[in-house]
Amino acid sequence: MKNEDDNIQFEQMPDLDWGKVQKPKPNKEIEKEYDSLYDELLDKCNPSRFKIELVGLERFNSANEIYAQLKSGGSDMPETILIALRNQAMDELEISISTRKKFNYLKSFLDPNNYINRQPYDKELVAKAGACYEQLLNHKDDIRFLESLEDELQVTCIKDEYDYLNLEAEEYLKEHPEGHHKSEAMESLQSLIQQKESWEEKEEEQYYRSYSSIDYLIKYPDGKYAQKARHSVENAEFFGNTAEVYLKHYPQGEFSDEARCFLQNSGREYRKKYPNGRYVQDINDKWAMIAFVGLMAALLVFVIIIGIVQ
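Asks: Help me out: how do you make sense of the overall build of the chain in this one?
Replies: When helices and strands are counted, the chain shows 16 helices and zero strands. Considering the chain as a whole, with its 310 residues, one finds that 28% of them fall into the buried category.

Laid out in structure tokens, this is it:
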């Protein structure tokens, strides 16, 4: 009688390559966001984080010293002092400093994909951006390296190209007053200025023709047509009001001599000096009224005399 164990069939187990078995990757701690370097240092250098029984007295004292300087200087302390304290904290306390803002800033213009669709295609620019981008990725957690990378001439040139592609001419010149594309940006800016001036001139001319002179002067007190508008307003005042009212508003106006002559002299003298003047008709009307009143008075006297005689 065969042993029952003889009938048992074992399935062949697959060969395991233990070298390929990957250990689970530890979850990277989510980096806390800080409003400023000062806030970050104040948090990470707090002596309460450095227990003497865990890190020793020397490191605790370093944290205490740095923290005291931060508290004494306040949030308005100069950037250079903050960076010096940051470097001291990194060396003596072995703290890590957030690189997120600096990394994202450099990535925004070092990514070679920014320049691949540029026309005409610039092979050298793409290659330079690619090389710098690799350095950025390889040192993304090293704040001091990122700062030194930002200061490199090659990175500055790439930033110049990026800003020229993405900023308005005026903004580009503010960022790069002596930039590689200074002449092109200045030509573009001058062209924009001329277009704006042309549009504004057309708008002003249309306003002058469509609205009253007073409305025009309110909007364009020093405009291209301001002198004409002021003349028009004064002219309307001179012909539309009495000499007294005109002189009150324009004591040194264009027609002030004529208005004073009318007020200070007889109608005959005025007409002699200004035969076609503004007040000739007023004088004629005045004389006609006097003649009419005289005629009516004479007629009345005549009627009275006739009545007495009869």
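Asks: Help me out: how do you make sense of a negative patch on the surface in this one?
Replies: Judged by side-chain charge, Glu168, Glu170, Glu171 and Glu175 come together as a negatively charged surface patch. Relative to the helices and strands, Glu175 is located in helix 9 (residues 169–175).

Asks: Would you take a moment to explain the packing of aromatic side chains for this structure?
Replies: To describe a pair of aromatic rings, you give the distance between the ring centres and the angle between the ring planes. Across all of its chains, the model carries 20 aromatic pairs by this definition. Summarising the aromatic geometry, the rings of Tyr246 and Tyr250 are spaced 5.5 Å apart at their centres and angled 25 degrees between planes, so their arrangement reads as stacked. A relative accessible area of 22% places Tyr250 in the partly exposed class. Through a chain of ring-to-ring contacts, the aromatic side chains of Phe238, Phe239, Tyr246, Tyr250, Phe255, Phe262, Tyr270, Tyr274 and Tyr279 assemble into a single cluster. Sitting over the face of the ring of Phe109, Lys159 holds its NZ or CZ atom 5.6 Å from the ring centroid.

Asks: Sorry, what's going on with the layout of surface pockets here?
Replies: In this approach the atoms are scanned with a rolling probe the size of a water molecule, which exposes any empty space left behind. Each pocket or cavity is described by its volume, and for the second largest pocket that value is around 410 Å³. Every element with two or more residues in the lining of the second largest pocket is listed here: helix 1 (37–44), helix 4 (79–92), helix 5 (100–110) and helix 7 (143–150). Among the elements that line the lining of the second largest pocket, the one with the most residues is helix 4, at four residues. A breakdown of the residues in the lining of the second largest pocket according to their chemical character gives seven nonpolar, three polar and 10 charged.

Asks: Would you explain the packing of helix 6 (residues 123–138) against helix 7 in this entry?
Replies: Pairs of packed helices are described in terms of their axes, by the angle between the two and the distance that separates them. Contact geometry for helix 6 and helix 7: axes closest at 10 Å, N-to-C directions at 165 degrees. Judged by the inter-axis angle, helix 6 sits roughly antiparallel to helix 7. For the pair helix 6 and helix 7, the crossing hand works out as left-handed. Together, Cys132, Gln135 and Leu136 of helix 6 and Phe145, Leu146 and Leu149 of helix 7 make up the contact between the two elements. Considering only residue class, the contact of helix 6 with helix 7 consists of five nonpolar, one polar and no charged.

Asks: Explain unusual backbone geometry to me, please; I cannot follow it from the model alone.
Replies: Generally, phi is negative for residues other than glycine and the peptide bonds are trans, each holding for most cases. Omega for the peptide link from Gln119 to Pro120 comes to -5 degrees, which places this bond in the cis form. Mapped onto the secondary structure, Pro120 falls in the loop between helix 5 and helix 6.

Asks: When you look at the packing of helix 5 against helix 6 in this model, what are you seeing that I'm missing?
Replies: At their nearest, the axes of helix 5 and helix 6 sit 10 Å apart, and the two run at 160 degrees to each other. Between helix 5 and helix 6, the interaxial angle falls into the category roughly antiparallel. Considering the relative orientation of helix 5 and helix 6, their crossing is left-handed. Facing Phe103, Leu106, Lys107 and Leu110 of helix 5, the residues of helix 6 in contact are Ala129, Cys132, Tyr133, Leu136 and Leu137.

Asks: Just to check I follow, could you spell out the nonpolar core for this structure?
Replies: Note on soluble globular proteins: their nonpolar side chains tend to be buried together. Formed by 19 residues in total, the largest nonpolar core has its most connected members in Leu41, Cys45, Leu70, Leu93 and Ile95. Beyond its immediate stretch of four places on either side in the chain, Ile95 contacts Leu41, Lys44, Cys45, Phe50, Ala89 and Met90. Residues Leu110, Tyr115, Tyr133 and Ile158 belong to the second largest nonpolar core, which totals 15 residues.

Asks: Can you help me understand a nonpolar patch on the surface in this one?
Replies: Judged by side-chain polarity, Met289, Phe292, Val293, Met296, Leu299, Phe302, Val303 and Ile306 come together as a nonpolar surface patch covering roughly 770 Å² of accessible area. Looking at where Val293 falls in the secondary structure, it is placed in helix 16 (residues 280–309).

Asks: For this particular structure, what's the right way to read the side chain of Arg86?
Replies: Structurally, the position occupied by Arg86 is in helix 4. Its relative accessible area of 2% is what places Arg86 among the buried residues. When sequence neighbours within four positions are dropped, the list of residues in contact with Arg86 reads Leu37, Leu41, Ile97, Ile143, Arg144 and Glu147.

Asks: Is there a simple way to explain the confidence of the model for the chain in this structure?
Replies: One rule of thumb: low pLDDT means the predicted coordinates there are not for detailed reading. Per-chain confidence: the chain averages 88 in pLDDT, with 90% of residues scoring 70 or above. Low confidence marks residues 1–5, where pLDDT is under 50. Its contacts with residues over four positions away, or in another chain, come to zero contacts. Contacts from residues 23–29, a stretch scored under 50 in pLDDT, to residues over four places away or in other chains number one contact.

Asks: I'm lost on the pattern of salt bridges in this one. Help?
Replies: A side chain of one charge can pair with a side chain of the opposite charge when the charged atoms of the two come close. Across all of its chains, the model carries 13 salt bridges by this definition. Among the salt bridges present, the one from Asp43 reaches Lys32, with a minimum N-O distance of 3.6 Å. Of this pair, Asp43 sits in helix 1 while Lys32 sits in the segment before helix 1, and the two are 11 residues apart along the sequence. The partner of Lys182 in a salt bridge is Glu178, with the nearest N and O atoms 3.3 Å apart. Residue class for Lys182 comes out partly exposed when judged on its relative accessible area of 28%. Given the relative accessible area of 65%, Glu178 is considered exposed. Each member of the salt-bridge network shares a partner with another, and the members are Lys32, Asp43 and Arg49.

Definitions and cut-offs
- Residues numbered from 1 in each chain as written.
- Predicted model: local features only at pLDDT ≥ 70, side-chain atom pairs only at ≥ 80, totals over all residues.
- Heavy atoms only, no water.
- Helix = DSSP H or I, 4+ residues; strand = E, 2+ residues; numbered from the N terminus.
- Buried < 20%, exposed > 50% of the residue type's maximum accessible area, 1.4 Å probe, protein only.
- Patch = residues over 30% accessible without salt bridge, like charges linked within 9 Å, V, L, I, M, F, W, Y side chains within 5 Å.
- Areas by Shrake-Rupley, 256 points an atom, 1.4 Å probe, with all protein chains shown as cover.
- Salt bridge = Lys/Arg side-chain N within 4 Å of Asp/Glu carboxyl O.
- Lys, Arg positive; Asp, Glu negative; His and termini not counted.
- Charge placed at Lys NZ, Arg CZ, Asp CG, Glu CD.
- Phe/Tyr/Trp six-rings, centres within 6.5 Å; stacked < 30°, edge-to-face > 60°.
- Lys NZ or Arg CZ within 6 Å of the ring centre and 35° of its normal.
- 1 Å grid on protein atoms, 1.4 Å probe; cavity = no way out; pocket = protein on both sides within 12 Å on 5 of 7 lines; lining within 4 Å.
- Points joined across faces, edges and corners; volume = space filled by probe spheres on them.
- Nonpolar A, V, L, I, M, F, W, Y, C, P; charged D, E, K, R; others polar.
- Axes fitted to C-alpha atoms, helices over the stretch in contact; angles between N-to-C directions.
- Parallel < 35°, antiparallel > 145°, perpendicular 65-115°, else oblique.
- Left-handed = near helix turned anticlockwise from the far one by under 90°.
- Contact = heavy atoms within 4.5 Å.
- Core = buried A, V, L, I, M, F, W, Y, C linked by side-chain atoms within 4.5 Å.
- pLDDT = per-residue confidence, 0-100.

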